[in-house]
Amino acid sequence: MRVISILSTKGGVGKTTVAANLGGFMADAGLRVLLLDLDAQPTLSSYYELTKRAPGGIYELLAFNETDLARLVSSTGIDGLDVLVSNDAHRQLGTLLLNAADGRLRLRNLLPAFREHYDLLLIDTQGARSVLLEMAVLASDLAVSPVTPEILAARELRRGTLQLVEDIAPYRQLGLSPPPLYLLINRMPAISANARLVQQTLRLIFREHPGVQVLDSEIPAIEAFPRAATRGLPAHRVERRRPSGRLAASALEILCGFASELCPEWRGRFSQVSGKDERKRERHAEST
Ligand SMILES: Nc1ncnc2c1ncn2[C@@H]1O[C@H](COP(=O)(O)OP(=O)(O)OP(=O)(O)O)[C@@H](O)[C@H]1O
Ligand SMILES: [Mg+2]
């Protein structure tokens, strides 16, 4: 089971969008995916319609060490895609974990409960520094930080997100290395000299930065993402082909490229998601 956390200490950069779409895409590629919503504002929990709502969520998992998946895990209308909903409405988990001896390691210690049931655990986090965020990073094999190509977002990345990774480095003494951090340029406008400059600067700064890498994949600013969110669907189901007159690739191609760069071991499965679409179109063409 792979564990990927999506984080940024800056709000509104696209964490939930990336978690929901990457999860939906990987589930359509036949993987068993669990979305874990660690944001007290339960945006990811409400992205997909839930076909079965479990009585519990992250509160029971983290406050009571509940590991009975039937009590914790809700199902979505997408095959293979489950959610552990955020239900910490009173924001008690932060204080609770801060005062617990195993605080930042609690999620990591609970991972065995999910291991044989899922191929991928995808964690969405809150856009601010917190003990929950540090706990998510320490439980992950890799961390993805979306960054929008704006100077203020780039500065906050330096100040907040990179600082967090540095601060948890002492856990190395316990044999826990912080996961590699992948920066994902998100909401790249089609034409903007300023955005291009920030994007190039980010790539330059992190060219040889230990532990941090800017992904080759970029996510353009396209309507398909908000449109898909409105319909409660992953964007690759909403936009399979590049709309005519637009430079940016289709949401399907974008998500396939991003998922393949992140998890190259499943690349073959990912390309089949587009292949399936081709076959469906061919069958449709034959029957009409
Ligand atoms: N690539 C994109 N193209 C167009 N719109 C996007 C893209 N990525 C995200 N958005 C839009 O930007 C808004 C903010 O995205 P999102 O909620 O995913 O950010 P977030 O980092 O999770 O925010 P928060 O810190 O509040 O949790 C949403 O309306 C979303 O639809
Ligand atoms: Mg969010």
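See above for the structure.
Presented here is an overview of the structure given in this document. (Residues numbered from 1 in each chain as written. Chains lettered and ligands numbered in written order. Predicted model: local features only at pLDDT ≥ 70, side-chain atom pairs only at ≥ 80, totals over all residues.)

1. Notes on the overall build of the protein chain
- Broken down by element type, the protein chain carries 13 helices and nine strands.
- A globule of 288 residues ought to have a C-alpha radius of gyration of about 19 Å, and the protein chain, at 19 Å, matches this closely.
- In terms of overall dimensions, the protein chain has a C-alpha envelope of 65 × 45 × 35 Å along the principal axes.
- The burial tally for the protein chain puts 41% of its 288 residues in the buried class. (Helix = DSSP H or I, 4+ residues; strand = E, 2+ residues; numbered from the N terminus. Rg over C-alpha atoms; globule rule 2.2 N^0.38 Å. Buried ≥ 20, exposed ≤ 12 C-beta atoms within 10 Å, placed from the backbone.)

2. Focus on the nonpolar core
- Counting residues in hydrophobic clusters, the biggest one holds 75 residues, and the most contacted among them are Val 33, Leu 122, Ala 136 and Leu 255.
- The residues touching Val 33, leaving out its near neighbours within four places in the chain, are Gly 23, Met 26, Ala 27, Gly 80, Leu 81, Tyr 118, Asp 119, Leu 120 and Leu 122. (Core = buried A, V, L, I, M, F, W, Y, C linked by C-beta atoms within 7 Å. Contact = placed C-beta atoms within 7 Å.)

3. Some thoughts on unusual backbone geometry
- Here Asn 65, not a glycine, exhibits a phi torsion of approximately 55°, which is positive.
- Positionally, Asn 65 belongs in the loop between helix 2 (58–64) and helix 3 (69–72).
- In this structure, Arg 91 takes a positive phi of about 55° despite not being glycine.
- Inspection of the secondary structure assignment puts Arg 91 in the loop between strand 5 (81–84) and helix 4 (93–98).

4. A few points about the site of ligand 1
- Lining the immediate environment of ligand 1, one finds 18 residues, of which Gly 11, Lys 15, Thr 16, Thr 17 and Gly 127 sit closest.
- Sorting the residues of the shell around ligand 1 by element identifies helix 1 (15–28), strand 8 (181–188) and helix 10 (224–231) as the ones contributing at least two each. (Near = placed C-beta within 6 Å.)

5. Some remarks on the packing of helix 1 against helix 12 (residues 251–262)
- At their nearest, the axes of helix 1 and helix 12 sit 10 Å apart, and the two run at 85° to each other. What the angle tells us is that helix 1 and helix 12 run roughly perpendicular. Listed contacts from helix 12 to Asn 21, Leu 22, Phe 25 and Met 26 of helix 1 are Leu 255, Phe 258 and Ala 259.
- A per-class count over the contact of helix 1 with helix 12 returns six nonpolar, one polar and no charged. (Axes fitted to C-alpha atoms, helices over the stretch in contact; angles between N-to-C directions. Parallel < 35°, antiparallel > 145°, perpendicular 65-115°, else oblique. Nonpolar A, V, L, I, M, F, W, Y, C, P; charged D, E, K, R; others polar.)

6. Digging into the pairing of strand 5
- Burial of the side chains of strand 5 extends over both faces: Leu 81 and Val 83 are buried on one face and Asp 82 and Leu 84 on the other.
- In the sheet, strand 2 (residues 33–37) pairs with strand 5 via four bridges, with the strands oriented parallel. From the neighbouring strand, Leu 35 faces strand 5, where its bridge partner is Val 83.
- Sheet topology note: the strand 4 (residues 74–76)/strand 5 ladder contains two bridges and is antiparallel. Note on strand 5: the bridge partner recorded for Ser 74 is Val 83.
- Here strand 4 folds back onto strand 5, and the loop between the two strands holds four residues, one of which, Gly 80, carries a positive phi near 85°. (Pairing = 2+ DSSP bridges.)

7. Structural notes on helix 7 (residues 131–139)
- Counted residue by residue, helix 7 has eight buried out of nine residues, so it is predominantly covered.
- Where helix 7 is concerned, the buried positions are Leu 132, Leu 133, Glu 134, Met 135, Ala 136, Val 137, Leu 138 and Ala 139.
- On the buried face of helix 7, the contacting elements are strand 1 (2–6), helix 4, helix 5 (106–110), strand 6 (120–124), strand 7 (142–147) and helix 8 (151–167).

8. Some remarks on the sheet that holds strand 5
- Reading across the sheet, the nine strands line up as 3-4-5-2-6-1-7-8-9 and stay open at both edges, with mixed pairing between neighbours. Taken across any chain shown, the strands that pair with only one partner, and hence form the sheet edges, are strand 3 (50–52) and strand 9 (212–220). Between one strand and the next, the sheet's axes are offset by a mean angle of 30°, whatever the strand orientation.
- Sheet analysis places strand 8 next to strand 9, joined by six bridges and oriented parallel. Looking at strand 9, one finds that Asn 186 is bridged to Ile 219.
- Helix 9 (residues 193–205) rests against strand 7, strand 8 and strand 9 of the sheet, and its axis sits at about 170° to strand 8.
- Across the face of the sheet, helix 12 comes into contact with strand 7, strand 8 and strand 9 while running at roughly 165° to strand 9.

9. Remarks on the pairing of strand 2
- With five of its five residues buried, strand 2 lies for the most part within the structure.
- Alternating residues of strand 2 divide into Val 33, Leu 35 and Asp 37 and Leu 34 and Leu 36, and every residue in both groups is buried.
- Pairing of strand 2 with strand 6, which is carried by five bridges, proceeds in the parallel orientation. In the sheet register, Leu 36 faces strand 6, and the bridge partner there is Ile 123.

10. Examining the environment of Gly 80
- Following the sequence through the fold, Gly 80 ends up in the loop between strand 4 and strand 5.
- Sequence separation of Gly 80 and Asp 28 is 52 residues, and the distance between their C-alpha atoms is 7.6 Å.
- For Gly 80, the residues in contact, after removing those within four places along its chain, are Ala 27, Gly 30, Leu 31, Arg 32 and Val 33.

11. Let's talk about the environment of Met 188
- Looking at the element boundaries, Met 188 is found in strand 8.
- Along the backbone, Met 188 and Ser 260 are 72 residues apart, and their C-alpha atoms lie at a distance of 20 Å.
- Ignoring any residue separated from it by four or fewer positions in sequence, one finds Met 188 in contact with Pro 149, Ala 195, Gln 199, Glu 218, Ile 219, Pro 220 and Ala 221.

By themselves these figures say nothing about function.
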